[in-house]
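Below are the chains, spelled out letter by letter.
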Amino acid sequence: MIIILNDDPVYVSWIRRHRDGFVLDTRRKATKRNMTLHRAICPEIRKSKSKRTHWTTRGKVKACAENHTELTDWALEQAGYEPRLCHACNPLDETLPLETDSGDAGSERDLTKLENDILSAVVESAVIHLDNDLEFRMTVGDVAEYLSKTPAQITTAMCHLVGRHLLENLTTASNLAAFPADAHVFPTTRALKTVPAFAELDAERLQAEIDSLHR
Ligand SMILES: [Zn+2]
């Protein structure tokens, strides 16, 4: 079990890597009223609802574990109560099939799983950087590492995403067997629109967000 405080990038990375895991959403001081247990795939704790979502900052805490009993035990120890169970994801209902996360940030129709995974990695990372006003420096090597692949293994999928105007500015060279690991990757306004909080922004605001990633 890990307890994540003031580190949204670590939190997002954890839920991305532990799709079968569980998350206890609470606050720095866990009490009977502020503890909710979710599956790691639950949209309630994955989606960036507003542009300034605070997953693990401003007093919010996420306890994450592969096994939900660890989180329940922790809640009992901290607050003396079992956590509330989320109605959206029914974390303890074992008969429930794991939901697919269609409509999740960075997903688009007609893309392969690898293409969607790449797009999600870039978009989610960009959103975190925008929310926290951090410098965005994602490279092909970073994306490959997230997905436990090599740059060569993701090059074809990335070319397709560039062709569909979802990613941009990878490298000026063409006909490469593999994108260089240090080439920078940026989402396009179209990619950013796959995030609900950004979907309503007009073209000008979206472009301004993209520009702030490029600074
Ligand atoms: Zn939930």
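Reading the values: rules and limits
- Residues numbered from 1 in each chain as written.
- Predicted model: local features only at pLDDT ≥ 70, side-chain atom pairs only at ≥ 80, totals over all residues.
- Heavy atoms only, no water.
- Helix = DSSP H or I, 4+ residues; strand = E, 2+ residues; numbered from the N terminus.
- Buried < 20%, exposed > 50% of the residue type's maximum accessible area, 1.4 Å probe, protein only.
- Pairing = 2+ DSSP bridges.
- Axes fitted to C-alpha atoms, helices over the stretch in contact; angles between N-to-C directions.
- Parallel < 35°, antiparallel > 145°, perpendicular 65-115°, else oblique.
- Left-handed = near helix turned anticlockwise from the far one by under 90°.
- Contact = heavy atoms within 4.5 Å.
- Nonpolar A, V, L, I, M, F, W, Y, C, P; charged D, E, K, R; others polar.
- Phe/Tyr/Trp six-rings, centres within 6.5 Å; stacked < 30°, edge-to-face > 60°.
- Lys NZ or Arg CZ within 6 Å of the ring centre and 35° of its normal.
- Donors = N, O, S within 2.8 Å, 3.2 Å for Na, K, Ca; no water.
- Tetrahedral: all angles 85-135°; square planar, octahedral: opposite > 155°, others 65-115°.
- Expected span 1.5 Å × (residues − 1).

Caption draft 1: Structural detail: unusual backbone geometry. Located in the positive-phi region is R58, a residue other than glycine, with phi close to 50°. Unlike most non-glycine residues, S148 shows phi in positive territory, near 55°. Locating S148 in the fold gives a position in the loop between α5 (140–146) and α6 (151–163).

Caption draft 2: Just the pairing of strand β2 (residues 22–27), in detail. Most of β2 sits inside the fold, with five of its six residues counted as buried. As defined by bridge partners, β2 adjoins strand β3 (residues 36–39) across four bridges and the pair is classed as antiparallel. When the bridges of β3 are listed, D25 appears paired with T36. In terms of strand pairing, β2 meets strand β4 (residues 60–65) through six bridges, oriented antiparallel. Bridging from a neighbouring strand, D25 pairs with K62 of β4.

Caption draft 3: Main features of the packing of helix α1 (residues 8–17) against helix α4 (residues 113–131). Orientation of α1 relative to α4, taken along the N-to-C sense of each, is 155°, at an axis distance of 10 Å. Regarding the angle of α1 to α4, the classification is roughly antiparallel. In this structure, α1 meets α4 at a crossing whose hand is right-handed. Residues D8, P9, V12 and R16 of α1 form the contact with α4, whose own contacting residues are S120, A121, E124, S125 and I128. The residue makeup of the contact of α1 with α4, split by class, is four nonpolar, two polar and three charged.

Caption draft 4: Structural context of the packing of aromatic side chains. Under the criterion given, the structure shown has two aromatic pairs. Ring geometry for Y11 versus W55: centroids 6.1 Å apart, planes at 50°, classification tilted. Here Y11 is found in helix α1, whereas its partner W55 is found in the loop between α2 (43–46) and β4, with 44 residues between them in sequence. Between the aromatic rings of F136 and F186, the centroid separation amounts to 5.8 Å while the plane-to-plane angle is 50°, which identifies the pairing as tilted. One end of the pair, F136, is in the loop between α4 and α5; the other, F186, is in strand β7 (residues 186–187), with 50 residues separating them in the sequence. Like F136, the residue F186 is buried in the burial classification. When the ring centre of Y11 is taken as reference, the NZ or CZ atom of K62 above it lies at 5.5 Å.

Caption draft 5: A look at the coordination of the zinc ion. Here the zinc ion is held by the protein donor atoms H38 (ND1), C42 (SG), C86 (SG) and C89 (SG), which lie 2.1 to 2.4 Å from it. Metal-centred angles of 97 to 125° between the four donor atoms at the zinc ion mark the site as tetrahedral. Spacing between the donor residues of the zinc ion along their common chain follows H-x3-C-x43-C-x2-C. Of the two residues, C42 is situated in the loop between β3 and α2 and C86 in the loop between β5 (84–85) and α4; the sequence distance between them amounts to 44 residues. The residues C42 and C86 share a single accessibility class, namely buried.

Caption draft 6: View of α4. When the terminal C-alpha atoms of α4 are compared, their 26 Å separation across 19 residues agrees well with the 27 Å that a helix rising 1.5 Å per residue should span. The element α4 is extensively covered by neighbouring structure, given that 16 of its 19 residues are classed as buried. Within two residues after α4, D133 carries a phi angle of roughly 55°, on the positive side.

Caption draft 7: Structural context of the environment of D202. Residue position: D202 is located in the loop between α8 (196–199) and α9 (203–214). The exposure class assigned to D202 is partly exposed, which follows from its relative accessible area of 47%. As a C-alpha pair, D202 and T189 span 13 residues in sequence and 10.0 Å in three-dimensional space.

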